[in-house]
Amino acid sequence: MNMSRRAFLQVSASSTALLLVGASGLLPRLAAAVTSPLAATDTRKPFQAMTLDEVVKSLGGTTATKSTDIALQAPPIAENGAVVPVVIESKLPNAKMIAIVSEKNPHALSASFSFPDGTEPYVMTRVKIAETSNLYALVQTDKGFFYTEQLVKVTLGGCGG
């Protein structure tokens, strides 16, 4: 690479100025606050939970109740655990959030979707399931947390054994 003396000096001066501004504390600290685990808006904690109960607690609840008003559709046998299609629909009134939980994954919470008031609580997506386990659809309403579950077998090559 042939860099002219002028280009080298411009890059050096710009880098030095940026480092000085950063070191002096003049850059906004908002960016650092968002990535801090202690930030009020940190959304990583629910994704670090390992069980359904831990997910509920990290989302601000105490316990989840099983409900027949939640429809969970997933294949009973998943040929490829990396892309398992999931459809969730809630008939519970005032649903605010739908989450997908698989306790045998390295992190139980696979996905979380928030819904504004008046929006139909319906989700169609694909999730990764590490091994055969129960897949949970967790719904948060103004009355608390509710869930339904379905066993999904993850097979190698779709043999179903």
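Nothing here was measured: the structure is a model prediction, and the numbers come from that model.

Participant: Talk me through the pattern of salt bridges; I want residue IDs and the actual numbers.
Facilitator: Scanning all chains against the criterion turns up two salt bridges. Across the pair K66 and E149 runs a salt bridge, and its minimum N-O distance is 3.2 Å. A residue pair is termed long-range when its members are at least 10 positions apart, and K66 in strand β1 (residues 64-66) and E149 in strand β9 (residues 144-154) qualify at 83 residues. Its salt-bridge partner being E89, residue K91 comes within 3.2 Å of it at the nearest N-O pair. A relative accessible area of 59% places K91 in the exposed class. E89 sits in the partly exposed class, given a relative accessible area of 23%.

Participant: Describe the packing of aromatic side chains, with residues and values.
Facilitator: When we look at a pair of aromatic rings, we describe it by the centre distance and by the angle of the planes. One pass over the full model with this rule turns up one aromatic pair. With a centroid separation of 5.8 Å and an interplanar angle of 65°, the aromatic rings of Y136 and Y147 are classed as edge-to-face. Pair noted here: Y136 is in strand β8 (residues 133-141) and Y147 is in strand β9, with a separation of eleven residues, a long-range link. On the accessibility criterion, Y136 (10% relative accessible area) is buried.

Participant: I'd like to hear about the pairing of β9, residue by residue, with values.
Facilitator: As judged from the three bridges shared by β1 and β9, these two strands associate in the parallel manner. The residue of β9 that forms the bridge with A64 is F145. As defined by bridge partners, strand β3 (residues 77-78) adjoins β9 across two bridges and the pair is classed as parallel. Each bridged residue has a counterpart across the sheet, and for I77 the counterpart in β9 is K153.

Participant: Before we move on, could you go through the environment of K143 and cite the residues and values that matter?
Facilitator: Following the sequence through the fold, K143 ends up in the loop between β8 and β9. Residue class for K143 comes out exposed when judged on its relative accessible area of 72%. Considering only alpha carbons, one finds K143 and A95, 48 residues apart in sequence, at a separation of 9.2 Å.

Participant: Account for unusual backbone geometry, naming residues and giving values.
Facilitator: At N94, a position not held by glycine, the phi torsion is positive, near 60°. Among the structural elements, N94 can be located in the loop between β4 (84-90) and β5 (95-102).

Participant: For the side chain of N105, give the residues involved together with the corresponding values.
Facilitator: Looking at where N105 falls in the secondary structure, it is placed in the loop between β5 and β6 (109-114). Of the residues examined, N105 reaches a relative accessible area of 7% and is grouped as buried. A polar contact is formed between the side chain of N105 and the backbone oxygen of K128, at a distance of 2.9 Å. Ignoring any residue separated from it by four or fewer positions in sequence, one finds N105 in contact with M50, S110, K128, I129 and A130.

Definitions and cut-offs
Residues numbered from 1 in each chain as written. Predicted model: local features only at pLDDT ≥ 70, side-chain atom pairs only at ≥ 80, totals over all residues. Heavy atoms only, no water. Salt bridge = Lys/Arg side-chain N within 4 Å of Asp/Glu carboxyl O. Helix = DSSP H or I, 4+ residues; strand = E, 2+ residues; numbered from the N terminus. Buried < 20%, exposed > 50% of the residue type's maximum accessible area, 1.4 Å probe, protein only. Phe/Tyr/Trp six-rings, centres within 6.5 Å; stacked < 30°, edge-to-face > 60°. Pairing = 2+ DSSP bridges. Polar contact = N/O pair within 3.5 Å; in protein donor to acceptor, adjacent residues only side chain to side chain. Contact = heavy atoms within 4.5 Å.

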